[in-house]
Amino acid sequence: TLIEKDKRGQKYSLTLSQSKEEFYVPENVYIIGTMNDIDRSVETFDFAMRRRFTFVEITADQSAQNMQLNEETKEIMYRLNNAIVEEGHLTQDYQIGASYFKNLDEGTLSIKNLWDYKLKPLLNDYFRGERLANDKMRALENAYFGTSED
């Protein structure tokens, strides 16, 4: 493929079928991409990409530091992510990164709307079909909002 490092440059150009123009990826192009490895629909794609590129994992905690979330937003994110592991019995691979929390941090989305429209639907997908899904979701919601179940 033309995006592999050793297949770049005019030497490896192709003629595009529609326009008949010459196409190649310049040698000095640096390709950066992101991939959510929880999405199993990209699993075979993932294996092909791993053979060709370097992968660097960024954890949820690292993303909070990188995106410079304020301490209050980080605390909400940490509570939820800890509950995903402790209460949801999932691995750290399922923890939610800072990009979900950025609008909360900036004040453009309320804590309730973030839960209702972004986090809750995602988490429901994590537990779809599980016998204890409702209990897990209640525990995650309590952790997110910092409340306890009475």
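See the structure printed just above.
These figures come from a predicted structure and were not determined experimentally.

Draft legend 1. Layout of the overall build of the protein chain. Scanning the protein chain from N- to C-terminus turns up 6 helices and 2 strands. If you list the helices and strands of the protein chain from N to C, you get β-β-α-α-α-α-α-α. Against the globule reference of 15 Å for 150 residues, the protein chain gives a C-alpha radius of gyration of 21 Å, more extended than a compact globule. Each principal axis of the C-alpha atoms in the protein chain carries an extent, and together these give about 70 × 35 × 25 Å. Of all 150 residues assigned to the protein chain, the portion counted as buried reaches 28%. Partitioning the contacts of the protein chain with sequence separation of at least 6, the portion at a separation of at least 24 is 44%.

Draft legend 2. A look at the packing of helix H3 (residues 71-86) against helix H5 (residues 111-126). Put simply, H3 and H5 touch, their axes get as near as 14 Å, and they point 25° apart. Between H3 and H5, the interaxial angle falls into the category roughly parallel. In the crossing of H3 with H5, the sense of the turn from one axis to the other is right-handed. Contacts between H3 and H5 involve Ile76, Leu80 and Ile84 from the former and Ile111, Trp115, Leu119 and Leu123 from the latter.

Rules behind the numbers
Residues numbered from 1 in each chain as written. Predicted model: local features only at pLDDT ≥ 70, side-chain atom pairs only at ≥ 80, totals over all residues. Heavy atoms only, no water. Helix = DSSP H or I, 4+ residues; strand = E, 2+ residues; numbered from the N terminus. Rg over C-alpha atoms; globule rule 2.2 N^0.38 Å. Buried < 20%, exposed > 50% of the residue type's maximum accessible area, 1.4 Å probe, protein only. Contact = heavy atoms within 4.5 Å. Axes fitted to C-alpha atoms, helices over the stretch in contact; angles between N-to-C directions. Parallel < 35°, antiparallel > 145°, perpendicular 65-115°, else oblique. Left-handed = near helix turned anticlockwise from the far one by under 90°.

Keep in mind these numbers describe shape, not what the thing actually does.
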